[in-house]
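Understanding the architecture of this molecule
For reference, the chains in residue letters:
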Amino acid sequence: MKKEPDTPHGTIALLLVYALIIIFLWSNVYFTMLSRGVTQ
Amino acid sequence: MSVQTLPAAGLAEGSRPVLLTDSDHKTVNRLTGLNIGVGIGALTIGLWLGVLQGLEHAGLNWYSYLAPGIKTYYQGLTIHGVLNALTWTTFFICGFFTYVVVNSLKRPLRYPWINMLAFVLMTIGLLLAAYPLFANLATVLYTFYPPMLADWTFYLGLVLLVVGSWVSGYGLYFTYGAWRKENPDATTPFLALGALITMVMWQIATLGVAAEILFLILPSAMANSAFLVGLFPAIANWNTGSDPLLARSLFWFFGHPLVYFWLLPAYLSWYGMMPAQTGGKMFSENLARLVFWLFLLLSVPVGFHHQYADPGIPQAWKILHATWTMSLAFPSLLTAFTVIASLELGARARGGKGYLRWIFKLNWGDPSYAAQNFAMILFAFGGISGITNASYNMNMVVHNTTWLPGHFHLTVGSATTLTFFGILYWLLPKLTGKKLFTKTLALAQAWTWFLGMLLFANGYHLLGLHHGAPRRSMLGDAPYRVAEWTPYLIETVVGVTLLFISATLFFLVVFGTVLSPRSRRLAKPVEMPVAEPLHPGPTPKWLDTWTPWVAGAVALILLSYGPILYQLIRDMQWIPFAPRVW
Amino acid sequence: MSEPRQEPVPETRHEPGGDAPPASDAPSQETLHVDRFEAAWMRIAAAVLAIFFISILVSAFASGFQVPGVYQRIDPTKLYEPGSPFADPGLRELAPGKYEAYIRAQIWSFTPNEIRIPAGSEVTFYTTSQDVQHGIKIQGTNINMMILPGQVSTLKAKFDTPGTYDFVCHEYCGQLHHTMYGQLIVEAEQVAAQ
């Protein structure tokens, strides 16, 4: 008896945006690290 | 009043469900109120010291106005950390959990005197530690790294605070055990389960800091006390020195699960209460349970991610902890989906449409709801900077810079604290029987905290990332301060100003509610919000069983800490404590 | 409120007050039903975390963006004895363009607090503390280490761009912690060659 109205469309939309934000911000710091040089 | 149903099968001989009487409610409410009251009292001092810190960084040193009370920035910073991060949190959580467990199990405390004893121990500990803190004898920050050495009363006070919190947990375990005997086949209600899991995790975690204090620091601190040596001359021999790396490792064994002790009560409210506050339901109660069990399993064996920059810890161990830490991000990301989906159910029930427009249909008019939703948004960013911190070598970019206070003000300062404020906005009326004073002030408090924290955290994150400005430092007086810092400092000062307004509003609401006259009595009683599951049904046994999860947690800890702690203890050096440096 | 229930199968559990139990198979009682979108999110989250982790492993273990590891224990009470590299800390040239820098940290200064090197130099830093815990962060590099009495912390960096690089103490060490800093001055080629 699973009806589709319970599908969380809004949650999915929001989280896809969030995933992009996570990737963008994390990568920002990752590339900052790469630009500052090796340590060993 | 609630009535327990009698399960047909498996009823133990002689056990009988115990009903919650009005007197039982009074007992619990009193304990909850006492704990929360002390927590708020601590926060009153701690929060406003934060304002001074922010201003100092921007060059406005107002500490002289506090003399002779607070002598230096660093003393204020120590008090800010101890009162906000250790005292406000621990007291609130013990109070909140006592309330939640009783009202979720619908069963009175088994031995109320145990929970009262807990409160007394915690308060004595607080008062004992307050003495050296305010006398400037313990300006060692809330991490108290040796070889810095504070007055012995500071450490003993912390020990009593922690032991008291253990006793609070024991009181809850006895209550749960009694409920279990009376309800052998029932599934533990979600709210009670989450509280109990958090307590168990806390008791495992605090073993680290207890060992650090009792074996590596307190004896030497006592040997440093003319008063104690006068009483018992043999104590003078106890000044052995300590191994700073071992001390750090034991502290951070505790220090990471500490943040989950702060976070899980917020998750508990977000999962199990908030959806009810916006017309929603728990999207997946079983996943919520799984998340809590995963935190029990994974919260402790990760401490080295606070020690990536430490010498003396092999990279291999750091990478092992990094692996578990990245896995630990997973239950939080799961929480994002499950909680938001639960809230979305409510928004749609209230007429929300579209992919994102439904957000406007959430119960923003309820300050309890709004504060917690803002807390979640702030935490979304705090979680990202947390994953960054956890990312092994990336930590070298940000370690010990202002990025760190930026991060943790979004987490303990918002996810935890702003959520606790939100909880108070129904719990205070519940406990006092009076209307919130007032809904508008409380909403304003939530908004100003949200906006203030966004600015504050953004400023500190970027100042640390781009310019490496160090944390825990009197930046206003630092000779290496440069003009490039100024825009970020201005941003943080605007943030701090909003936070100051927000804190003031919070205290107005709290004291206004507590002190308001009988005429502001609630028309009808407030009940603890409890979210119903979207798909009610049986819970798999493995999500309501303790032994495998606790055993798994212990096994992971032994694996991830056992060998390296053994090495550190075997190779430890007795490095002398330093004379007072503040 | 629920009525007392009969238990058809010993394994099955029923929640008091719950709905009618799902169709009979005992195994489904123990499995977790996950909404398919939530399951998709779980896969996305796991993939993102995994990619992050692999990027970290590659940059650290293959490319040399590493964190401090184990080097050596040292006796902080003997730092000044003859033969200790920290008795007379400073820059030592190993080969053209390759240096070691020994920095001793104490309340509230670094010794030395000024280091000059020609551009293009690679410097391996060794630090320890004489008293309490300190820290060091060399701005513009990935050098970021805790400095503990009893331990030697070491990392290396290459300095191609001329300029002044501040290094600060970032672990609270007492009342003048915020004044504890130094400068690494990277000189352009022709200056160094004179």
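Residues numbered from 1 in each chain as written. Chains lettered and ligands numbered in written order. Predicted model: local features only at pLDDT ≥ 70, side-chain atom pairs only at ≥ 80, totals over all residues.

**Quick look at the overall build of chain B**
Quick note on the threshold: The numbering of helices and of strands both runs from the N terminus, where a helix is a DSSP run of H or I of at least 4 residues and a strand a run of E of at least 2. For the radius of gyration, the atoms used are the C-alpha atoms, and the globule rule reads 2.2 Å times the number of residues raised to 0.38. Three exposure classes are used. Buried residues have 20 or more other C-beta atoms within 10 Å of their own C-beta, exposed residues have 12 or fewer, and partly exposed residues fall in between, all C-beta atoms being placed from the backbone. Any two residues are considered in contact once their C-beta atoms, placed from the backbone, lie within 7 Å.
Of the regular secondary structure elements, chain B holds 15 helices and 0 strands. Taken against the 2.2 N^0.38 rule, which gives 25 Å for 582 residues, the C-alpha radius of gyration of chain B at 24 Å falls within 12% of a compact globule. Overall, chain B is about 65 × 55 × 50 Å in size when its C-alpha atoms are taken along their principal axes. Classification of the 582 residues of chain B by burial places 60% in the buried group. When contacts within chain B are restricted to residue pairs at least 6 apart in sequence, long-range pairs at least 24 apart make up 84% of them.

**Topic: the overall build of chain C**
When you go through chain C residue by residue, the secondary structure sums to 3 helices and 11 strands. Written out in order from the N terminus, the α and β elements of chain C read α-α-β-β-β-β-β-β-β-β-β-β-β-α. Expressed as a percentage of its 194 residues, the buried residues of chain C come to 38%. Intrachain contacts of chain C at a sequence separation of at least 6 include 56% that bridge at least 24 residues.

**Points about the nonpolar core**
It is characteristic of soluble globular proteins that their nonpolar side chains tend to be buried jointly. For the record, the criterion: By convention in this section, buried Ala, Val, Leu, Ile, Met, Phe, Trp, Tyr and Cys residues joined through C-beta atoms within 7 Å make up a nonpolar core. These domain limits were set by an automatic method or by a database of domain assignments.
In terms of nonpolar packing, the biggest core is built from 252 residues, with Val101(B), Ala195(B) and Leu378(B) touching the most fellow members. Ranked by residue count, the leading element in this core is helix 7 (residues 244-272) of chain B, at 20 residues. If you count residues domain by domain, this core takes at least three from each of domain 1 (1-66) and domain 2 (72-193) of chain C.

**Details of the interface of chain C and chain B**
Heads up, the rule is: Under this grouping Gly is polar, as are all residues other than the nonpolar Ala, Val, Leu, Ile, Met, Phe, Trp, Tyr, Cys and Pro and the charged Asp, Glu, Lys and Arg.
With 69 residues of chain C in contact, the opposing surface of chain B contributes 67 residues. Breaking the side of chain C that touches chain B down by element, the ones donating at least two residues are helix 1 (26-30), helix 2 (36-62), strand 7 (134-138), strand 8 (144-147), strand 9 (151-159) and strand 10 (163-168) of chain C. For the side of chain C that touches chain B, the leading source of residues is helix 2 of chain C, giving 11 residues. Along the lines of polarity and charge, the residues of the side of chain C that touches chain B split into 33 nonpolar, 23 polar and 13 charged.

**Section: the confidence of the model for chain C**
Residue and element names in this part refer to chain C. Quick note on the threshold: On a scale of 0 to 100, pLDDT captures the predictor's confidence in every residue.
Mean pLDDT over chain C: 87, with 82% of residues reaching 70 or higher. Low pLDDT, under 50, characterises residues 1-27; the stretch is placed with 38 contacts to residues that sit more than four places away or in other chains. Interface confidence for the predicted complex, expressed as ipTM, amounts to 0.93; the pTM equals 0.93.

**Let's talk about the interface of chain B and chain A**
Counting residues at the interface gives 19 residues for chain B and 17 residues for chain A. Sorting the residues of the side of chain B that touches chain A by element identifies helix 9 (315-349), helix 10 (367-390) and helix 11 (395-398) of chain B as the ones contributing at least two each. The element that contributes the greatest number of residues to the side of chain B that touches chain A is helix 9 of chain B, accounting for 5 residues. Taken together, the residues that form the side of chain B that touches chain A break down as 16 nonpolar, 2 polar and 1 charged.

**What about the sheet that holds strand 5 (residues 114-118) of chain C?**
Residue and element names in this part refer to chain C. So the rule is basically this: For two strands to pair, DSSP has to find at least two bridges joining them. Axes here refer to lines fitted to C-alpha atoms; in helices the fit is confined to the stretch in contact. Angles between the N-to-C directions go from 0 to 180 degrees.
Spatial strand order, 5-11-10-7-8: 5 strands in an open sheet with mixed pairing. Taken across any chain shown, the strands that pair with only one partner, and hence form the sheet edges, are strand 5 and strand 8. Here the average twist between neighbouring strands, direction ignored, is 20 degrees.

**What about the pairing of strand 10 of chain C?**
Residues and elements named next belong to chain C. Sheet topology places strand 7 next to strand 10; 2 bridges connect them, and they run antiparallel. Bridging across to strand 10, lysine 137 finds its partner in valine 168. Sheet topology note: the strand 10/strand 11 (residues 181-187) ladder contains 6 bridges and is antiparallel. Within strand 11, the residue paired with valine 168 across the bridge is tyrosine 181.

**Re the environment of His134(C)**
All names here are of chain C. Structurally, histidine 134 is set in strand 7. Exposure remark for histidine 134: the 31 C-beta atoms within 10 Å place this residue in the buried category. Sequence-wise, histidine 134 and methionine 145 are 11 residues apart; in three dimensions their C-alpha atoms are separated by 8.9 Å. Contacts of histidine 134, omitting those with residues within four sequence positions, involve Ala105, Ser129, Ile147, Cys169, Glu171 and Cys173.

**Some points on the pairing of strand 3 (residues 98-106) of chain C**
Residues and elements named next belong to chain C. Two strands pair when backbone bridges link them, and strand 2 (residues 90-95) and strand 3 are joined in this way by 5 bridges, in the antiparallel orientation. When the bridges of strand 3 are listed, arginine 92 appears paired with glutamate 100. Hairpin geometry of strand 2 and strand 3 is characterised by an intervening segment of 2 residues between the two adjacent antiparallel strands and by a positive phi of about 80 degrees at glycine 97. Pairing geometry for strand 3 and strand 6 (residues 121-129), over 8 bridges, is parallel.

**Quick notes on the packing of helix 1 (residues 9-35) of chain A against helix 10 of chain B**
Note the cut-off: Just so you know how the angles are binned, under 35 degrees is roughly parallel, over 145 roughly antiparallel, 65 to 115 roughly perpendicular, and the rest oblique. Rotating anticlockwise by less than a right angle from the far helix to the near helix defines a left-handed crossing, while the corresponding clockwise rotation defines a right-handed one.
Remark: helix 1 of chain A packs on helix 10 of chain B, axes separated minimally by 10 Å, with the N-to-C direction vectors making an angle of 40 degrees. One finds that helix 1 of chain A runs oblique with respect to helix 10 of chain B. Between helix 1 of chain A and helix 10 of chain B the crossing geometry is right-handed. Along the contact surface, helix 1 of chain A presents Tyr18(A), Ile22(A), Leu25(A), Trp26(A) and Val29(A), while helix 10 of chain B presents Ala380(B), Ile384(B), Ile387(B) and Thr388(B). Classifying every residue of the contact of helix 1 of chain A with helix 10 of chain B gives 8 nonpolar, 1 polar and no charged.

**Overview of helix 1 (residues 22-57) of chain B**
The α-helix winds at 3.6 residues per turn, so residues separated by three or four positions along the chain end up facing the same way. Quick note on the threshold: Multiplying 1.5 Å by the helix residue count minus one yields the expected span of that helix.
For helix 1 of chain B, which comprises 36 residues, the first-to-last C-alpha distance of 52 Å matches the rise-based estimate of 52 Å (1.5 Å per residue) to within 8%. In the stretch just after helix 1 of chain B, Gly59(B) is the one whose phi turns positive, near 100 degrees.

**Re helix 9 of chain B**
Residues and elements named next belong to chain B. The terminal C-alpha atoms of helix 9, which comprises 35 residues, lie 52 Å apart, in line with the 51 Å expected from a rise of 1.5 Å per residue. With 26 of its 35 residues buried, helix 9 lies for the most part within the structure. Phi for glycine 351, located one or two positions after helix 9, is positive at around 105 degrees.

**What about unusual backbone geometry?**
A cis amide bond links Phe437(B) with the next residue in sequence, Thr438(B), at an omega value of -15 degrees. Locating Thr438(B) in the fold gives a position in the loop between helix 12 (403-432) and helix 13 (439-467). With an omega of -10 degrees, the peptide bond running from Ile107(C) to Trp108(C) counts as cis. Along the chain, Trp108(C) turns up in the loop between strand 3 and strand 4 (109-111). In this structure, Phe144(B) is a non-glycine residue whose phi angle is positive, near 35 degrees. Within the secondary structure layout, Phe144(B) lies in the loop between helix 3 (112-134) and helix 4 (152-182). Taking the number of C-beta atoms within 10 Å as the measure of exposure, Phe144(B) has 24 and is therefore buried.

**Details of the confidence of the model for chain B**
A residue-level look at chain B finds 97% of positions with pLDDT of 70 or above and a mean pLDDT of 95. Throughout residues 1-14 of chain B the model reports pLDDT below 50, and contacts reaching past four residues in sequence, or to other chains, amount to 27 contacts.

**Digging into the environment of His321(B)**
Residue and element names in this part refer to chain B. When you line up the elements, histidine 321 lands in helix 9. You can call histidine 321 buried: it has 25 C-beta atoms within 10 Å. Remark: the alpha-carbon pair of histidine 321 and proline 189, spanning 132 residues in sequence, is separated by 32 Å. With sequence-adjacent residues up to four places away left out, histidine 321 is seen in contact with Pro301, Val302, Gly303, Phe304, His305 and Ser560.

**Some words on the packing of helix 5 (residues 190-223) of chain B against helix 8 (residues 285-298) of chain B**
All names here are of chain B. One can describe the packing of helix 5 onto helix 8 by two numbers: an axis separation of 9 Å at closest approach and a directional angle of 10 degrees. Between helix 5 and helix 8, the interaxial angle falls into the category roughly parallel. Counting all contacts with helix 5, which are made through Phe190, Leu193, Gly194, Ile197, Val200 and Met201, the residues of helix 8 involved are Glu285, Ala288, Arg289, Phe292, Trp293, Phe295 and Leu296. Residue composition of the contact of helix 5 with helix 8, by class: 10 nonpolar, 1 polar and 2 charged.

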